Amino acid sequence: MDNLSLPVGTKDQFGAEAQLQDYVTSQLSDLFNHRGYEKLKTPVVEFASVFEPLQADNYRPYQMLDDRGRTLVLRPDLTLPVARVMSATGIEPPVKWYYTGDVFRLKKELSGSYNQETQAGVEIIGYPDFKAELECLMIALKGCQALNISGVTVQLGDAKFIDSLLTKLPLTDPSKQELRSALFEKNLSKYDKLIETMVDSKFSQFLKEWPWMFGTFSEVMTKLESFVSIPEIDEMLQRFRVAADFISDNFPNVEITLDLSMKSPQNYYTGLIFQGFSNSSSEYLFSGGRYDDLLKNFQQNQISAVGLAFNVDGLSRHLLDKKTVAKRLLFFNSDQWQEAEKLVLENQDLTMCLATDIEEARRIAVSKGVELVDISQGGKPNE
Ligand SMILES: N[C@@H](Cc1c[nH]c[nH+]1)C(=O)O
């Protein structure tokens, strides 16, 4: 029956999984609040044009028409609406926003991922200094700390690394595009063929190693430092060093990796990009970066911006593996409400059993595999 099934890529959530999402969102909102961020709420439905700057392949949105025939979408991203708000309202930067909400990204069928994801994030608008990136890294890692997530790795990269290098290569534009996609797809036979023509270039050694330019921060940096120096790239390396020192000074247990052949997670990034992972899952915990040009899609003026979003579902699943203590059931008579109410308030692991009689209460306790506490005969629960 169709009315019992859900659209592909969606799911119902209940019990601990759904509650943990609330917990994660509230812990993160507390963190944002304490650091002086202001809340911003935008609609779930927006005009499709707001999201034009996104990578079409990754972010196919759910579409619909309004009553005037204009195309609307369920938002596939929460950063673009912030840029729209800034441009539409004329709110003066600098400003630090936070938000929590769902994004909708149509994934390939059978990909195993869901099309609705909950995010909680911040956007720092109007601060060009690298302090803004460091503040985002601080929030990302403090958030993980507040949720007790251990074994965190931060992967650093730069959205402009690939293009800065490609512009220096003696290749035609179409070949540069091909080289870029061969690198992203890790299609080494295609990649090797494309770099064959550049054996005599001063970049030849680097080009050979490029697909392997990922790994622990110190390994990749050591490799990089031995290659030709290019001013734009030297600046990026300097930023990587500052970010890595900042992370290790403040979070000595966090691992740092560098990936210089990865595709930027979002088209709109223009500088440092970072993503967090835990050693027990391949899902990202948080993802962010600098996006100085995004507001130009909505207005004349360029405004500096950096932000990040936490993957609330991923973080909740992470916590779900560790927790879930079943509650004991408290059976009581209707004239014992006050007593039962007090006990439930005092004992966090007790929940009221609303059964009519003790037999029914016993059946429920057995079926749920939890302990039954019976005060209907005047007894007291053991604490
Ligand atoms: N919107 C980005 C995360 C981000 C927030 N701010 C900057 N980047 C994402 O969903 O991946």
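Every chain begins its residue count from 1, and numbering advances along the sequence as written. pLDDT decides what is reported in this predicted model: residues at 70 or higher carry local features, side-chain atom pairs at 80 or more are listed and counted, and totals for whole chains, interfaces and linings draw on all residues regardless. The side-chain figures draw on all heavy atoms in the structure; neither hydrogens nor water molecules are used.

Moving on to the layout of surface pockets. Volume-wise, the largest pocket comes out at about 1,100 Å³. Cavities and pockets are found on a 1 Å grid laid over the protein atoms alone: a cavity is a set of points where a 1.4 Å probe fits but cannot escape, a pocket is an open set with protein on both sides within 12 Å along at least five of seven lines, and a lining residue has an atom within 4 Å of such a point. Every residue lining the largest pocket is counted, 43 residues in all, and those nearest its centre are Tyr59, Arg105, Lys107, Glu117 and Tyr284. Labels follow the DSSP assignment, with helices taken as runs of H or I lasting at least four residues and strands as runs of E lasting at least two, numbered in each case from the N terminus. The dominant element in the lining of the largest pocket, judged by the number of residues it contributes, is strand S6 (residues 116-125), at 5 residues. Classes in brief: Ala, Val, Leu, Ile, Met, Phe, Trp, Tyr, Cys and Pro nonpolar; Asp, Glu, Lys and Arg charged; the others, Gly included, polar. Looking at the lining of the largest pocket residue by residue, the class counts come to 11 nonpolar, 21 polar and 11 charged. Grid points are joined across faces, edges and corners, and a volume is the space filled by probe spheres set on the points.

It is worth spelling out the packing of aromatic side chains at this point. Classification of ring pairs rests on two measures: the distance between centres of Phe, Tyr or Trp rings, Trp counted by its six-membered ring, which must be within 6.5 Å, and the angle between planes, read as stacked under 30 degrees, edge-to-face over 60 and tilted in between. Summed over all chains, the structure comprises 11 aromatic pairs. With a centroid separation of 5.4 Å and an interplanar angle of 90°, the aromatic rings of Phe206 and Phe227 are classed as edge-to-face. Separated by 21 residues along the polypeptide, Phe206 in helix H7 (residues 204-209) and Phe227 in the loop between helix H8 (217-225) and helix H9 (231-250) bring together distant segments of the chain. Overall, the relative accessible area of 15% leaves Phe227 in the buried class. Residues Phe286 and Phe310 carry aromatic rings whose centres are separated by 6.1 Å and whose planes lie at 70° to one another, so their mutual orientation is edge-to-face. Residue Phe286 is located in strand S11 (residues 284-290), and its partner Phe310 is located in strand S12 (residues 305-311); the two are separated by 24 residues in the primary sequence. Among the aromatic side chains, those forming a connected cluster through ring pairs are Phe32, Tyr98, Phe286 and Phe310. Here Lys96 stacks its cationic end above the ring of Tyr37, 5.1 Å away from the centre of that ring. The cut-offs for exposure are 20% and 50% of the maximum accessible area for each residue type, with area from a 1.4 Å probe on protein chains only; residues under the lower value are buried, those over the upper are exposed, and the others partly exposed. The criterion is that NZ of a Lys, or CZ of an Arg, lies within 6 Å of the ring centre and within 35 degrees of the ring normal, and then a charge sits over that ring.

Disulfide: a pair of cysteine sulfur atoms within 2.5 Å of each other. In the structure shown here, the tally under the stated rule is 0 disulfides. Looking at the unpaired Cys144, the closest cysteine sulfur is the one in Cys136, lying at 13 Å. What makes Cys144 buried here is its relative accessible area of 2%.

On to the site of the ligand. As a structural note, the neighbourhood of the ligand is formed by 15 residues, with Thr79, Arg105, Glu123, Gln266 and Tyr269 the closest of them. Contacts to the ligand include Asp77, whose side-chain N or O atom sits 3.0 Å from a nitrogen atom. For the purposes of these results, a polar contact is taken to be a pair of N or O atoms within 3.5 Å, where, inside protein, one atom must be able to donate a hydrogen and its partner to accept one; residues adjacent in sequence count only when each atom of the pair is a side-chain atom. In the environment of the ligand, a nitrogen atom lies 2.9 Å from a nitrogen or oxygen atom belonging to the side chain of Tyr268. Any molecule with more than half of its atoms within 2 Å of a cavity's or pocket's grid points is counted as sitting in it. The cavity where the ligand resides is the largest pocket. At the level of elements, S6, S11 and S12 are the ones that each hand at least two residues to the shell around the ligand. With 3 residues, the top contributor of residues to the shell around the ligand is S12. By residue class, the composition of the shell around the ligand is 6 nonpolar, 6 polar and 3 charged. What makes a residue near a molecule or strand is one non-hydrogen atom of that residue sitting within 4 Å of it.

This next bit is on unusual backbone geometry. Looking along the chain, the bond that leaves Pro93 and enters Pro94 is cis, with omega of 0°. Mapped onto the elements of the fold, Pro94 is located in the loop between helix H2 (79-89) and strand S5 (95-104). Residue Asn148 is not a glycine yet carries a positive backbone phi of 60°. Residue placement: Asn148 occurs in the loop between helix H3 (131-146) and strand S7 (152-158). The phi dihedral of Lys186 is positive, around 50°, even though this residue is not glycine. Following the sequence through the fold, Lys186 ends up in the loop between helix H5 (173-184) and helix H6 (188-195).

This part covers the sheet that holds strand S15 (residues 372-374). Whether two strands pair depends on DSSP finding at least two bridges between them. One open sheet accounts for 3 strands, arranged S14-S13-S15; its pairing is parallel. Two strands bound the open sheet, and with one partner strand each, they are strand S14 (350-353) and S15. Looking at each pair of strands side by side, their axes are set apart by 35° on average, direction ignored. Judged from the 3 bridges that link them, strand S13 (residues 328-331) and S15 form a sheet pairing that is parallel. Of the residues in S15, the one forming a bridge with Phe331 is Asp374. Contacts between residues were defined by any pair of non-hydrogen atoms, one from each residue, lying within 4.5 Å. Axis lines are fitted through C-alpha atoms, for helices just across the contact stretch, and the angle between N-to-C directions can take any value from 0 to 180 degrees. Of the strands in this sheet, S13 and S14 touch helix H11 (residues 337-346), which is tilted by about 150° from S14. In this fold helix H12 (residues 358-368) packs onto S13, S14 and S15, with an angle of close to 160° to the strand it touches most, S15.

On the basis of which strands lie adjacent, the open sheet formed by 3 strands has the order S2-S4-S3 and antiparallel pairing. Each end of this open sheet is capped by a strand with a single partner; those strands are strand S2 (45-47) and strand S3 (63-65). Within this sheet the neighbouring strands show an average axis-to-axis angle of 40°, counted without direction. Of the pairings in the sheet, the one linking S2 to strand S4 (residues 71-74) comprises 3 bridges and is antiparallel in character. Bridge pairing in S4 links Val45 to Leu74.

Moving on to the packing of H3 against H9. Running from amino to carboxyl end, H3 crosses H9 at an angle of 35°, the nearest separation of the two axes being 10 Å. Here H3 runs over H9; the crossing is right-handed. Of the residues in H9, those in contact with Leu134, Leu137, Met138 and Leu141 of H3 are Val242, Ala243, Phe246, Ile247 and Asn250. Partitioning the contact of H3 with H9 into residue classes produces 8 nonpolar, 1 polar and no charged. In a left-handed crossing the near helix is turned counterclockwise from the far helix by less than a right angle, and in a right-handed crossing that turn is clockwise.

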